[in-house]
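# Per-entry structural report
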Amino acid sequence: MPMIWGMRNLPITMGASKTISITIKKMSVGSVMGKYEYILSRSGFISAKVQKKYQLRSASRRKVVHLQRKCIKFIKVNADIHKESKQIKLKYKQMKVAIVGASGAVGQEFLRILAERNFPIDQLLLFGSERSAGKKYTFKGKECVVKPLQHNDDFRGVDIAFVSAGGDTSRQFAPTITKHGAVMIDNSSAFRMDPDVPLVVPECNAEDALNRPRNIISNPNCTTIMMVVVLQPLERLSHIKRIRVSSYQSASGAGAAAMAELEEQYRQLMTGTLPTVSKFPYQLAYNVIPRIDAFTETGYTKEEMKMFNETRKIMHTDVKCSATCVRVSSLRSHSESVWIETERPISVEEARHAIATAPGCQLKDDIVHDIYPMPLDTAGKDDIYVGRIRKDLADENGLTFWLSGDQIRKGAALNAVQIAEYLVKSEKVKG
Ligand SMILES: NC(=O)C1=CN([C@@H]2O[C@H](COP(=O)(O)OP(=O)(O)OC[C@H]3O[C@@H](n4cnc5c(N)ncnc54)[C@H](OP(=O)(O)O)[C@@H]3O)[C@@H](O)[C@H]2O)C=CC1
Ligand SMILES: N[C@@H](CC(=O)OP(=O)(O)O)C(=O)O
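Under an unreviewed UniProt entry, the name given to the protein chain is Aspartate-semialdehyde dehydrogenase, and the source organism is Hoylesella saccharolytica F0055. The heading Sequence similarities (unreviewed entry) in the UniProt record of the protein chain holds the text "Belongs to the aspartate-semialdehyde dehydrogenase family."

Structure, rendered in structure tokens:
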């Protein structure tokens, strides 16, 4: 079958939005064509919203020719807009960017997202511990070698450092990373609740990122990010007083090695071997574990307390969140069952409209056709998908819904890159 076209991110007129069709690279049965609405922000960053998707179900010649024509049309649009993208590049300075923790689950996602979104980088530095030092990764066709993270001047000239190497590393290296003026966007929980460190989800409180006395911006906990993206449009309808939430968190939330451990457990069980348990408190294969992170004196775990505290800091409200965080045996994408109590009752229709039109959210709610979001479908996607929206039977002012999203993307790397994009757009990378 002919090779046609395989580009996902392309620049179009600044501030404008266009709907175009693209295909994946190989046109074979099962190929997905999509109608994407591309929106180019003033900074030159592109967000894409899938409007319609359809699959090539049979390899009929007529169908292939039809799709080819669409692609040719698309290529023409692309040729025009490439000219404009060059001008945008001139306007926005290319930056020196660092990724700390490049070999990890989040670090690897940074490499993909920065390339996909064409983040303005002219030099990329990768850091890790001695374990991954010397490893090579490809970024936009160029090979980058992981350097050992040390207390030296390696961050001189770095504009933005994306850090995802655990809380201890962040605490230990923050002074070294920020010493020469780099903005540190930190994925760990080290500084999240510090009053002089903003905790940012761009859909909710982007402007908080501009006030950063220590030049550190914290990325919130993944489960919290996914929930607040959906709560924000509902908060605009009526103040949310209380949240009750149960999470269904995939193995990859505990890092790349944990993901590998789950796969290994299934293999071991298949061959009658005792499964290795080191990254989770118990065997996760064929199991569900109602404990993520350590217990605190409240009886809640640290993960659950993050949902309470971080939600209030991001949303700037007095909302109270009571969570039960559970590890499930999906590999990627977290899900959450959420109950909210608002000041006035919100109807299902209002909620559906607010969520469907909110940035970062996708409504996937059609019970007649058995449609709701699931981790297998949301893995690898940018948005948070919401379904099963209904009134709470136990509370007149209550609404309940289900959400699912890729916690390594929106819950970690994507959110951090969106913060950086906001700084570029606001011309506030430097102070
Ligand atoms: N996974 C997820 O869904 C989410 C993770 N996070 C947070 O992001 C961070 C990274 O998580 P994740 O990618 O999952 O974890 P991984 O275990 O997959 O990766 C950890 C990374 O940190 C690096 N690292 C560890 N110690 C050091 C050190 N002393 N110096 C330099 N680099 C070091 C590792 O490098 P090496 O290979 O050399 O050891 C590796 O690249 C954590 O703080 C986590 O809490 C936040 C939201 C979601
Ligand atoms: N809480 C996530 C992962 C995580 O890293 O959280 P935090 O960044 O808040 O430590 C999980 O285990 O699913």
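Now that the structure has been shown, we can carry on.
## Re the side chain of N205
One can find N205 in helix α4 (residues 202-205). Exposure remark for N205: the relative accessible area of 0% places this residue in the buried category. Of note is the side chain of N205, whose polar atom sits 2.9 Å from the backbone nitrogen of V201. Residue contacts for N205: discarding those within four places in its chain leaves L199, V200, I314 and H316.

## Points about the domain arrangement of the protein chain
For the protein chain, the domain assignment lists domain 1 (96-219 + 414-426) and domain 2 (223-250 + 290-407). Each of domain 1 and domain 2 has a C-alpha centre, and the two are 27 Å apart. Domain 1 puts 17 residues into the contact, and the matching count from domain 2 is 15 residues. Approximately 1,400 Å² of surface area, both sides summed, lies buried where domain 1 meets domain 2, with 61% of it carried by carbon and sulfur atoms. A per-residue breakdown of the area domain 1 buries against domain 2 is headed by L199, E203 and C204, which together make up 37% of the total. At the boundary of domain 1 and domain 2, one finds three salt bridges. Where E310 meets R192, a salt bridge forms, and the shortest distance between an N and an O atom there is 3.2 Å. There are six residue pairs in polar contact (both at pLDDT 80 or more) connecting domain 1 and domain 2. Residue assignment for the side of domain 1 that touches domain 2 shows that the elements contributing at least two residues are α2 (105-116), α4 and α10 (409-425). Among the elements that line the side of domain 1 that touches domain 2, the one with the most residues is α4, at three residues. Its residues assigned to classes, the side of domain 1 that touches domain 2 comprises six nonpolar, four polar and seven charged.

## Remarks on the packing of aromatic side chains
Each aromatic ring pair is characterised by the separation of its centres together with the angle its planes make. Counting across every chain of the model gives five aromatic pairs. Seen in terms of ring centroids, Y248 and W402 are 5.1 Å apart; in terms of plane orientation they differ by 65°. Their pairing is edge-to-face. Of this pair, Y248 sits in strand β11 (residues 240-249) while W402 sits in strand β16 (residues 398-405); the two residues are 154 residues apart in sequence, bridging distant segments of the chain. Of the residues examined, Y248 reaches a relative accessible area of 34% and is grouped as partly exposed. The rings of F110, F119 and F162 are connected pair by pair, giving a single aromatic cluster.

The rules behind these values
Residues numbered from 1 in each chain as written. Chains lettered and ligands numbered in written order. Predicted model: local features only at pLDDT ≥ 70, side-chain atom pairs only at ≥ 80, totals over all residues. Heavy atoms only, no water. UniProt positions renumbered as here; feature names shortened; annotations may be inferred. Helix = DSSP H or I, 4+ residues; strand = E, 2+ residues; numbered from the N terminus. Buried < 20%, exposed > 50% of the residue type's maximum accessible area, 1.4 Å probe, protein only. Polar contact = N/O pair within 3.5 Å; in protein donor to acceptor, adjacent residues only side chain to side chain. Contact = heavy atoms within 4.5 Å. Domains from an automatic or database assignment. Buried area = accessible area lost by both parts, 1.4 Å probe. Salt bridge = Lys/Arg side-chain N within 4 Å of Asp/Glu carboxyl O. Nonpolar A, V, L, I, M, F, W, Y, C, P; charged D, E, K, R; others polar. Phe/Tyr/Trp six-rings, centres within 6.5 Å; stacked < 30°, edge-to-face > 60°.

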